[in-house]
Amino acid sequence: MEVTVRDQAQPSLLRDLVMLTKPRIISLLLVTTIAPMFVAGNPGWLLSVIVLVGGYLMAGGANAVNMYLDRDIDTQMARTRLRPIPSGRMGPRSVLAFGVALATAATFLLARFTNVLTAALALAGFYFYVFVYTQWLKRTTPQNIVIGGAAGAFPPLVGWAAMTGTIDLTAVYLFLIVFYWTPPHFWALALLKQRDYARAGVPMAPLVWGERETMHQMMWYNVILIALTLLPTTFGAFGIIYLVSALVLGTILLAGVIRVSTSADWTKPAWWVYKFSLLYLALLFIAMVIDRKVLG
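S.K.: When you look at the overall build of the protein chain in this model, what are you seeing that I'm missing?
M.R.: A tally of helices and strands in the protein chain yields 15 helices and zero strands. Taking 19 Å as the expected radius of gyration for a compact globule of 296 residues, we find that the protein chain reaches 20 Å, a close match to that expectation. Each of the 296 residues in the protein chain was classed as buried or not, and the buried ones make up 51%. For the protein chain, the proportion of contacts with a sequence separation of at least 24, taken over those separated by at least 6, is 74%. Surface accessibility of the protein chain: about 13,500 Å² in total, with carbon and sulfur atoms responsible for 67%. Separation of charge centres in the protein chain, based on 22 positive and 12 negative side chains, amounts to 2 Å.

Below you can see the structure in the form of structure tokens.
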């Protein structure tokens, strides 16, 4: 019995490989990939599965390469020390090879069974996250998550292209919504983990601008986000169901950000904003689908 318990407590290779892909993060990316497909049309189950698998492989590959490039930082941060490389369970070259293999497989799958534009957009997101955000912006500027947030905004374009073979104005707005959602979402976490980032030498906004200025920026990005979520209704992309959902969700998120800015002890409000912002984005994209399917 002791051996069994000990074995269960030890991370397995399979568990480490899954950990490298960061499945919790990918789950939200897949929602913002698949929902636009249903907004754009009625994808069959096979196309949906191909895009899901291809999207997971590409994002998982990017996350694995991210862990390879950030291995020096991960050893300094409490929340990342147990990852496969800093813990010594996997070698850096093995992690890099795994990430590249996943991205290669995703590119082939999407290009072969959807279209070249879909594969190109997914690969662009991979390169942007790995090289522009991880290797450059993250270590050099507090604007890292602002510009780097574009990497996480590619999934709606991927889903739209998989369904239509093109990119139109609605798809661009979906990209911008995720782009402007990223700073208030991630800065809430950065406020909470700023000691970790300071130890690792990462110039996150709270360390460079200060806590109050970061909170102020979160509020303005949230205001812009609300405006962006409403704009698609002005040219008929979505109707009343989406409009009401966007207003309600955006107002709740903004109220949370204001609580962070006005609270003497902002720890709990910041955690709430970080967690709710994940739910916010998922519900917003689900509202898009419901609006299109109900109102046509």
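Now that the structure has been shown, the text picks up again.
S.K.: Got a minute to help me understand the side chain of Asn 144 in this structure?
M.R.: When you line up the elements, Asn 144 lands in helix H8 (residues 144-148). Residue classification places Asn 144 among the buried positions, given a relative accessible area of 0%. Discounting chain neighbours no more than four positions away, the residues touching Asn 144 are Tyr 133, Leu 137, Lys 138, Gly 149, Val 202, Pro 203 and Met 204.

S.K.: Quick question: what am I supposed to make of the pattern of salt bridges here?
M.R.: For side chains bearing opposite charge, pairing can occur when the charged atoms are close. Following the criterion strictly, the structure yields six salt bridges and no others. The partner of Arg 139 in a salt bridge is Asp 70, with the nearest N and O atoms 3.3 Å apart. Taken together, the positions of Arg 139 in helix H7 (residues 116-140) and Asp 70 in the loop between helix H4 (45-69) and helix H5 (71-74) put the pair 69 residues apart, joining distant regions of the chain. Classification of Asp 70 as buried rests on a relative accessible area of 0%. Connected through shared salt-bridge partners, Asp 70, Asp 72, Lys 138 and Arg 139 make up one network.

S.K.: Would you take a moment to explain helix H3 (residues 23-40) for this structure?
M.R.: What sets the pattern is the α-helix's 3.6 residues per turn: residues three or four places apart point alike. The terminal C-alpha atoms of H3 lie 26 Å apart, and with 18 residues this matches the ideal 26 Å at 1.5 Å per residue to within 8%. If you check which residues of H3 are buried, you get Ile 26, Leu 28, Leu 30, Thr 32, Thr 33, Ile 34, Ala 35, Pro 36, Met 37 and Val 39.

S.K.: Whenever I open this one, the packing of aromatic side chains confuses me. Can you help?
M.R.: Geometrically, a pair of aromatic rings is defined through the distance of the ring centres and the angle of the planes. Throughout the structure, instances matching the rule amount to 14 aromatic pairs. Members of the aromatic cluster, joined through ring pairs, are Phe 128, Phe 154, Phe 175, Phe 179, Tyr 180, Trp 187, Trp 209 and Tyr 221. Over the ring of Tyr 68 we find Arg 71; its NZ or CZ atom is 4.3 Å from the centre of that ring. The ring of Trp 272 has Arg 259 sitting right over it, with the charged end atom 4.8 Å from the ring centre.

Conventions we followed
Residues numbered from 1 in each chain as written. Predicted model: local features only at pLDDT ≥ 70, side-chain atom pairs only at ≥ 80, totals over all residues. Heavy atoms only, no water. Helix = DSSP H or I, 4+ residues; strand = E, 2+ residues; numbered from the N terminus. Rg over C-alpha atoms; globule rule 2.2 N^0.38 Å. Buried < 20%, exposed > 50% of the residue type's maximum accessible area, 1.4 Å probe, protein only. Contact = heavy atoms within 4.5 Å. Areas by Shrake-Rupley, 256 points an atom, 1.4 Å probe, with all protein chains shown as cover. Lys, Arg positive; Asp, Glu negative; His and termini not counted. Charge placed at Lys NZ, Arg CZ, Asp CG, Glu CD. Salt bridge = Lys/Arg side-chain N within 4 Å of Asp/Glu carboxyl O. Expected span 1.5 Å × (residues − 1). Phe/Tyr/Trp six-rings, centres within 6.5 Å; stacked < 30°, edge-to-face > 60°. Lys NZ or Arg CZ within 6 Å of the ring centre and 35° of its normal.

On their own, these measurements won't tell you what the molecule is for.
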